[in-house]
Amino acid sequence: MTSTPSATRPFRVADLGTLVVLPWSGEAPDGSDMPYLLAYSLGDADGGAATTAAAIERLLADNGLPVGGDLVDGNVRPSLPVTLLVTAGAAVLNMPMLNAQCVPPPEWLDAVEARGYAYLIFTTRPWPEAVPGRAVEPEALTAFAGDEDTLTAAAHVVLPARSLRG
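Residues numbered from 1 in each chain as written. Predicted model: local features only at pLDDT ≥ 70, side-chain atom pairs only at ≥ 80, totals over all residues. Heavy atoms only, no water.

Draft legend 1. Structural context of the overall build of the protein chain. Looking only at helices and strands, one finds 4 helices and 8 strands in the protein chain. Secondary structure elements in the protein chain, listed N-terminal to C-terminal, are β-β-α-β-β-β-β-α-β-α-α-β. For 166 residues, the compact-globule formula gives about 15 Å, and the C-alpha radius of gyration of the protein chain, at 17 Å, lands near that figure. Here the protein chain holds 166 residues, and 42% of them are scored as buried. Considering only intrachain contacts with a sequence separation of at least 6, the fraction spanning at least 24 residues in the protein chain is 67%. Here the protein chain holds 9 positive side-chain charges and 19 negative ones, and the gap between their average locations is 10 Å. (Helix = DSSP H or I, 4+ residues; strand = E, 2+ residues; numbered from the N terminus. Rg over C-alpha atoms; globule rule 2.2 N^0.38 Å. Buried < 20%, exposed > 50% of the residue type's maximum accessible area, 1.4 Å probe, protein only. Contact = heavy atoms within 4.5 Å. Lys, Arg positive; Asp, Glu negative; His and termini not counted. Charge placed at Lys NZ, Arg CZ, Asp CG, Glu CD.)

Draft legend 2. Up close: the nonpolar core. If you look at the biggest cluster of nonpolar residues, it comprises 29 residues, and the most contacted ones within it are Leu 65, Leu 84, Met 95, Trp 108, Leu 120, Phe 122 and Leu 159. Where this core is concerned, the elements lending two or more residues are strand S2 (33-41), helix H1 (48-62), strand S4 (83-87), strand S5 (90-95), strand S6 (98-102), helix H2 (106-115), strand S7 (117-123) and strand S8 (154-162). In terms of residue count, H1 provides more of this core than any other element does, 4 residues in total. If sequence neighbours within four positions are ignored, Leu 120 has contacts with Leu 37, Ala 39, Leu 93, Ala 155, His 156, Val 157 and Leu 159. Counting 17 residues, the second largest nonpolar core, distinct from the first, contains Ala 28, Met 34, Tyr 36 and Ala 145. (Core = buried A, V, L, I, M, F, W, Y, C linked by side-chain atoms within 4.5 Å.)

Draft legend 3. Structural detail: the pairing of S4. The alternating pattern of S4 places Leu 84 and Val 86 on a buried face, while none of Thr 83, Leu 85 and Thr 87, on the opposite face, is buried. Direction of pairing for S4 relative to S5: antiparallel, over a ladder of 5 bridges. Across the sheet, residue Thr 83 finds its bridge partner in S5, namely Asn 94. As consecutive antiparallel partners, S4 and S5 are separated by 2 residues, and within that stretch Ala 88 has a phi angle of approximately 50°, a positive value. (Pairing = 2+ DSSP bridges.)

Draft legend 4. Examining the environment of Gly 74 more closely. Its location among the elements puts Gly 74 in the loop between strand S3 (72-73) and S4. Residue class for Gly 74 comes out buried when judged on its relative accessible area of 6%. Once the C-alpha coordinates of Gly 74 and Pro 29 are considered, the two residues, 45 residues apart in sequence, prove to be 20 Å apart. With sequence-adjacent residues up to four places away left out, Gly 74 is seen in contact with Leu 80, Val 158 and Pro 160.

Draft legend 5. Region of the structure containing the side chain of Asn 63. Within the element layout of this structure, Asn 63 appears in the loop between H1 and S3. At 2.7 Å, the side chain of Asn 63 and the backbone oxygen of Leu 59 are in polar contact. (Polar contact = N/O pair within 3.5 Å; in protein donor to acceptor, adjacent residues only side chain to side chain.)

Draft legend 6. Up close: helix H3 (residues 138-145). Here H3 has its buried residues at Leu 141, Phe 144 and Ala 145. Along H3, the residues classed as buried sweep out an arc of 85° about the axis, all on the same side. Residues Glu 139 and Thr 142 are exposed on H3 and point more than 90 degrees away from its buried face. Check the buried side of H3 and you find it contacts strand S1 (19-27), S2, S7 and helix H4 (148-152). (Arc of directions from axis to C-beta.)

Draft legend 7. Geometry of unusual backbone geometry. The phi torsion at Ala 88 lies on the positive side, around 50°, for a residue other than glycine. Examined against the element boundaries, Ala 88 turns out to sit in the loop between S4 and S5. In the Ramachandran plot, Met 97 falls in the positive-phi region, its phi being about 80° despite a non-glycine side chain. Residue position: Met 97 is located in the loop between S5 and S6. You can call Met 97 partly exposed: its relative accessible area is 48%.

Here it is as structure tokens:
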């Protein structure tokens, strides 16, 4: 009996659905502000939330970011294919197949300047209620970003903040 290997489905960016990057800062254990980035999908791809979660998990794995695994420290992995550019009041998250930009609040920019990095939580868990253009209440952010299901379904990455120098 012979068998053929199952074909790997080609990666389709559309399977990610609407991706959102949400910046915020909060007090860290050392007493100073930590700049955070939460990346998530609305779960609105064709096929719904399951398709979106699988696509994000594959995107993360393909880029060396384990879901539910150890913290990835970009400061000690210069070849990490995920970068953060902070310029002109914007934060730009880049990785193969993805480029996402957001406008962080001034306190986030201050925190990333002081630390030189941001903490990325890129979750496979969709958050359809937090749509672009609508304010997210602090309580809702705390509930979602701090939820065990969100955190265990995420890659956690320390991303050095790069800037354009003139």
